[in-house]
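Listed below are the residues making up each chain.
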Amino acid sequence: MVTDYAEIAKDVAALGAPPNLADYQALRADWNWDDIIAELDLPGGSYNLAHECIDRHANGDRGDKIAMIYEATDGEVTNYTFKDMQREANKWANAITDLGIEKADRVFFFTDRIPELYFAIFGTLKRGAIIAPLFSAFGPEAVMERIRRAEGVMVVTTPNLLSKIDAIRDDLPSLEHVVVIGHRQGVEAGEGNLDYMEMTEGASEEFENEQTGSEDWSVMHFTSGTTGLPKGAAHVHNAVIGHYATGKHVIDLHEDDIYWCTADPGWVTGTSYHMFAPWSNGVTNLVYEGGFGAGRWYEAIQRHNVTVWYTAPTAIRMLMKAGVDSARQRDLSSLRYVMSVGEPLNPEGVLWGQDAFDLPIHDNWWQTETGAIMIANYPSVPIRPGSMGLPFPGIEPAIIDDQFNEITEPDQEGQLALKPGWPSMFRTYWNDQDRYDSRFQGGWYLTGDRAKRDADGYYWFVGRDDDVINTAGHLVGPFEVESVLIEHEAVAEAGVIGKPDPVAMEIVKAFVSLKEGYEQTPQLRRELMGHARQRLGPGVAPREIDFLDSLPKTRSGKIMRRLLKARELGLPEGDTSTLEDD
Ligand code: PRX
């Protein structure tokens, strides 16, 4: 373990970009959210993410600045200025207003990473409706559950994903409109669907934004818990304060940066940091449509002169596998700052960044519910490899015990909690206020993560406090997977756990017992894998399924995932006093 932290802390100032956050302790001591609010535009006291991210730049000095560099999968590059973004977003806002989309309606996005996605997202926010993006690797069941929970009225999709919507449409009475963005492939929307191009072609390029206030709904992302199906964590326009502030002080965005966040728009990093943080800071943002590939990613950095790069530990571990030479062969000298989020970043990953890019990788921590970064390593502060870093100024985390008392002694493990009230905090789980309320106890927001704080105030991740699985930075709720498995005619019971994996951190692993008359054959296992994959999609379905004659249960009949996991890992089984007798 490296202890000479200062040794590996890159002097960002020496690279010609003095950090926005020059003196962490001073800023933390003096922090006032009003200073940040004063840097926003907020016309007439209204708050609107689209105004802060697009209009204020389009109407001001950055109108002709490139907002989005779009690189398509075929390598073609198109640039869009802030004025272009505004014009296209306005057309969409007009089109959906004509269709009758109203303030706070839920509009879902289930698309590839193409420019129209961004135009439509900002146009929807302009209208005052709620955007709800979905991961494109979800299967129809996963999509249906989410749209149903939020009573979505519209889904915007691309031709390659349309069959998944067709499969569930009849089961979604709230879903009035399916919009297909097909013109890029020359594909028509199909009967019963709306065509993006036809909707927007003749639409006015002017639009007066809905006068949303700071507490009006803006964004919904679904996230998983131990029990129940995924919940829609809903945010308000006030969150832009957090996106802008962390974009400035953690992401360290400067006027001339070329920024790239690799997150998929279907997850919260894909909105907060792939869209809102860079654009609220008026920065040029790379949208790279393609998927992962070490060589292709490095070439994208080189081709577009990316300066600030935000990615995830699974991707970093995949880059590590591709070898340091793969990075060294390219000219990546434009990079000045690299960050990671979503899972613990091992110390080796931090240091590997130093080898590959001459830059350590800065880890930071937050959640769907927090809306923005809460704990971070900063360019001006020495990194502690393996630590999530120090609290963002204005954020008050704590380590608490089971009675919700703060543990002040250093290096003690407890639950990570946050003092509620930060601007980007979620405001509800849609249609599930009880569950929302249960996350706030003893004056704290309970994160569900376990952590420690060292004597210097750095936070260290220990693990989840629940059964939620973190696979490649994406949270999967075991219940959602179990529910689909037991729908199969052969399955009597299912228990799902996260199995440690050297690259993805965890993979989804299922244990099933079969009904009378079914045999534990490799063919049935394959069939179950196919069933889960088809229904849930590759992003959620189990990668491994084991048969058991019966699953360990408590006397009240609850499957003991903890025990399944302990047995899988060969760990002590802990307290089994509530285990059902065989
Ligand atoms: O368990 C923590 C893990 O990911 C969870 C949040 O996931 P999600 O709501 O999908 O939000 C994604 C946006 C970051 C956390 O509760 N996690 C996130 N960042 C880290 C992390 N675990 C360890 N270290 C991190 N830096």
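Owing to the predicted nature of the structure, the values given are computational and were not obtained by experimental measurement.

### Quick look at the overall build of the chain
Turning to step 1, where the next piece is worked out: Helix and strand counts for the chain stand at 19 helices and 27 strands.
Turning to step 2, where the next piece is worked out: Here the C-alpha atoms of the chain give a radius of gyration of 24 Å, agreeing with the 25 Å that 2.2 N^0.38 yields for 582 residues.
Turning to step 3, where the next piece is worked out: Within the chain, residue pairs in contact and separated by at least 24 positions form 70% of the contacts whose partners lie at least 6 positions apart.
Turning to step 4, where the next piece is worked out: In the structure as shown, the chain presents an accessible area of about 22,300 Å², 45% of it carried by carbon and sulfur atoms.
Turning to step 5, where the next piece is worked out: Charge-centre separation for the chain: the mean point of 52 positive side chains lies 3 Å from the mean point of 91 negative side chains.

### Overview of the pairing of strand 13 (residues 337-340)
Turning to step 1, where the next piece is worked out: Residues Tyr337 and Met339 line one face of strand 13 and the alternating positions Val338 and Ser340 line the opposite face, and both faces are buried.
Turning to step 2, where the next piece is worked out: Pairing analysis gives 4 bridges linking strand 12 (residues 308-311) to strand 13, with the strands arranged parallel. From the neighbouring strand, Val308 faces strand 13, where its bridge partner is Tyr337.
Turning to step 3, where the next piece is worked out: Taking the sense of rotation as the criterion, the β-α-β connection linking strand 13, helix 15 (residues 347-357) and strand 14 (residues 361-365) turns out right-handed.

### Details of the confidence of the model for the chain
Turning to step 1, where the next piece is worked out: Counting all residues, the mean pLDDT for the chain is 94, and 97% of those residues have values of 70 or more.
Turning to step 2, where the next piece is worked out: This stretch, residues 1-14, has a pLDDT under 50; its non-local contacts, to residues over four places away or in other chains, come to 29 contacts.

### Description of the pairing of strand 5 (residues 154-157)
Turning to step 1, where the next piece is worked out: Every second residue of strand 5 is oriented toward a common face, with Met154 and Val156 on one face and Val155 and Thr157 on the other, all of them buried.
Turning to step 2, where the next piece is worked out: Summarising the sheet, strand 3 (residues 106-110) and strand 5 pair through 4 bridges and their orientation is parallel. Note on strand 5: the bridge partner recorded for Phe109 is Val156.
Turning to step 3, where the next piece is worked out: Where strand 5 and strand 6 (residues 177-180) come together, 4 bridges link them in parallel fashion. The residue bridging Val156 from the neighbouring strand is Val179, located in strand 6.

### Topic: the nonpolar core
Turning to step 1, where the next piece is worked out: Counting 95 residues, the largest nonpolar core has Phe122, Tyr273, Trp279 and Tyr310 as its most contacted members.
Turning to step 2, where the next piece is worked out: Counting residues per element, this core draws most heavily on helix 6 (residues 115-127), at 7 residues.
Turning to step 3, where the next piece is worked out: Grouped together as the second largest cluster of nonpolar side chains are 49 residues, Ala142, Ile165, Ala234 and Ile545 included.

### Examining the site of the ligand
Turning to step 1, where the next piece is worked out: Near the ligand you find 18 residues, and of these Asp363, Asn364, Gln367, Thr368 and Asp449 are the closest.
Turning to step 2, where the next piece is worked out: Between the ligand and Glu343, the relevant distance is 3.3 Å, taken from a nitrogen atom to a main-chain nitrogen or oxygen of the residue.
Turning to step 3, where the next piece is worked out: Considered on its own, the ligand offers 540 Å² of accessible surface; in the complex 98% of this is hidden by protein.
Turning to step 4, where the next piece is worked out: Of all the secondary-structure elements, those providing two or more residues to the shell around the ligand are helix 11 (268-280), strand 14 and strand 22 (459-464).
Turning to step 5, where the next piece is worked out: At 3 residues, strand 14 tops the list of elements feeding residues into the shell around the ligand.
Turning to step 6, where the next piece is worked out: Per-class residue counts for the shell around the ligand are 8 nonpolar, 6 polar and 4 charged.

### With respect to the packing of helix 10 (residues 240-249) against helix 11
Helix packing for two helices is described by the angle between their axes and how far apart those axes are.
Turning to step 1, where the next piece is worked out: Contact geometry of helix 10 with helix 11 gives a least axis separation of 8 Å together with a crossing angle of 80°. When the interaxial angle is binned, helix 10 and helix 11 end up roughly perpendicular. Of helix 11, the residues touching helix 10 (which contributes Val240, Gly242, His243, Tyr244, Thr246 and Gly247) are Ser272, Tyr273, Phe276, Ala277 and Ser280.

### A few points about helix 13 (residues 313-322)
The periodicity of an α-helix, 3.6 residues per turn, causes residues three or four places apart in sequence to face the same way.
Turning to step 1, where the next piece is worked out: Within helix 13, burial applies to Pro313, Thr314, Ala315, Ile316, Arg317 and Leu319.
Turning to step 2, where the next piece is worked out: For helix 13, the secondary structure elements touched by its buried residues are helix 12 (294-304), strand 12, strand 13, helix 15, strand 14 and strand 26 (505-514).
Turning to step 3, where the next piece is worked out: Where helix 13 ends, the next residue or the one after it, Gly323, has phi of about 95°, a positive value.

### Quick word on the packing of helix 4 (residues 49-58) against helix 11
Turning to step 1, where the next piece is worked out: The contact between helix 4 and helix 11 brings their axes to 8 Å, and the two run at 50°. Between helix 4 and helix 11, the interaxial angle falls into the category oblique. Along this stretch, helix 4 crosses helix 11, giving a crossing that reads as left-handed. Together, Leu49, Glu52, Cys53, Arg56 and His57 of helix 4 and Phe276, Trp279 and Ser280 of helix 11 make up the contact between the two elements.
Turning to step 2, where the next piece is worked out: Here the residues of the contact of helix 4 with helix 11 sort into 4 nonpolar, 2 polar and 2 charged.

### Details of the layout of surface pockets
Turning to step 1, where the next piece is worked out: Its volume calculated, the second largest pocket comes out at about 790 Å³.
Turning to step 2, where the next piece is worked out: Lining the second largest pocket are 36 residues, with Asp466, Asp467, Val496, Arg561 and Arg562 sitting closest to its centre.
Turning to step 3, where the next piece is worked out: For the lining of the second largest pocket, the elements supplying multiple residues, two or more each, are strand 22, strand 23 (469-471), helix 17 (478-486), strand 25 (491-501), strand 26 and helix 19 (561-569).
Turning to step 4, where the next piece is worked out: Among the elements that make up the lining of the second largest pocket, the one with the highest residue count is helix 19 (6 residues).

### Digging into the pattern of salt bridges
Turning to step 1, where the next piece is worked out: Counted according to the given criterion, the structure contains 45 salt bridges.
Turning to step 2, where the next piece is worked out: Of the charged contacts, one joins Arg561 and Asp467 as a salt bridge, the two residues approaching to 3.0 Å between their closest N and O atoms. A residue pair is termed long-range when its members are at least 10 positions apart, and Arg561 in helix 19 and Asp467 in the loop between strand 22 and strand 23 qualify at 94 residues.
Turning to step 3, where the next piece is worked out: Taking relative accessible area as the criterion, Arg561 reaches 11% and is therefore assigned buried.

### Observations concerning the sheet that holds strand 1 (residues 66-71)
Turning to step 1, where the next piece is worked out: Read across the sheet, 9 strands follow the order 2-1-11-10-12-13-14-15-16 without closing on themselves; strand pairing throughout is mixed. Each edge of the open sheet carries a strand with a single partner, namely strand 2 (77-81) and strand 16 (390-391).
Turning to step 2, where the next piece is worked out: Bridge count for strand 10 (residues 258-261) against strand 12 is 3 bridges, and the pairing is parallel. Directly across from Trp260, in strand 12, lies its bridge partner Trp309.
Turning to step 3, where the next piece is worked out: Strands strand 1 and strand 2 of the sheet are contacted by helix 5 (residues 82-99), whose axis makes an angle of about 80° with strand 2.
Turning to step 4, where the next piece is worked out: Contacts between helix 11 and the sheet are confined to strand 1, strand 10, strand 11 (284-288) and strand 12, with strand 11 contributing the most and set at about 150° to the helix.

### Structural notes on the state of the cysteines
Turning to step 1, where the next piece is worked out: Inspection of every chain in the model, using the stated rule, returns 0 disulfides.
Turning to step 2, where the next piece is worked out: Looking at the unpaired Cys53, the closest cysteine sulfur is the one in Cys261, lying at 13 Å.

### Structural notes on empty space enclosed by the protein
Turning to step 1, where the next piece is worked out: In the structure shown here, the tally under the stated rule is 3 cavities of 30 Å³ or more.
Turning to step 2, where the next piece is worked out: As a volume, the largest cavity reaches approximately 70 Å³.
Turning to step 3, where the next piece is worked out: Forming the walls of the largest cavity are Pro133, Leu134, Phe135, Phe138, Arg146, His221, Phe222, Gly266, Trp267, Val268 and Thr368.
Turning to step 4, where the next piece is worked out: Class assignment for the residues of the lining of the largest cavity results in 7 nonpolar, 3 polar and 1 charged.
Turning to step 5, where the next piece is worked out: Each pocket or cavity is described by its volume, and for the second largest cavity that value is around 50 Å³.
Turning to step 6, where the next piece is worked out: Taken together, Val219, His221, His235, Ala239, His243, Val268, Thr271, Ser272, Phe276 and Gly371 make up the full set of residues lining the second largest cavity.
Turning to step 7, where the next piece is worked out: Every element with two or more residues in the lining of the second largest cavity is listed here: strand 8 (217-223) and helix 11.
Turning to step 8, where the next piece is worked out: A total of 4 residues in the lining of the second largest cavity trace back to one element, the largest contributor, which is helix 11.
Turning to step 9, where the next piece is worked out: Within the lining of the second largest cavity, the residues separate by chemical class into 4 nonpolar, 6 polar and no charged.

Thresholds, definitions, all that
Residues numbered from 1 in each chain as written. Predicted model: local features only at pLDDT ≥ 70, side-chain atom pairs only at ≥ 80, totals over all residues. Heavy atoms only, no water. Helix = DSSP H or I, 4+ residues; strand = E, 2+ residues; numbered from the N terminus. Rg over C-alpha atoms; globule rule 2.2 N^0.38 Å. Contact = heavy atoms within 4.5 Å. Areas by Shrake-Rupley, 256 points an atom, 1.4 Å probe, with all protein chains shown as cover. Lys, Arg positive; Asp, Glu negative; His and termini not counted. Charge placed at Lys NZ, Arg CZ, Asp CG, Glu CD. Buried < 20%, exposed > 50% of the residue type's maximum accessible area, 1.4 Å probe, protein only. Pairing = 2+ DSSP bridges. Right-handed = clockwise from strand over helix to strand, strands pointing away. pLDDT = per-residue confidence, 0-100. Core = buried A, V, L, I, M, F, W, Y, C linked by side-chain atoms within 4.5 Å. Near = heavy atom within 4 Å. Polar contact = N/O pair within 3.5 Å; in protein donor to acceptor, adjacent residues only side chain to side chain. Nonpolar A, V, L, I, M, F, W, Y, C, P; charged D, E, K, R; others polar. Axes fitted to C-alpha atoms, helices over the stretch in contact; angles between N-to-C directions. Parallel < 35°, antiparallel > 145°, perpendicular 65-115°, else oblique. Left-handed = near helix turned anticlockwise from the far one by under 90°. 1 Å grid on protein atoms, 1.4 Å probe; cavity = no way out; pocket = protein on both sides within 12 Å on 5 of 7 lines; lining within 4 Å. Points joined across faces, edges and corners; volume = space filled by probe spheres on them. Salt bridge = Lys/Arg side-chain N within 4 Å of Asp/Glu carboxyl O. Disulfide = S-S within 2.5 Å.

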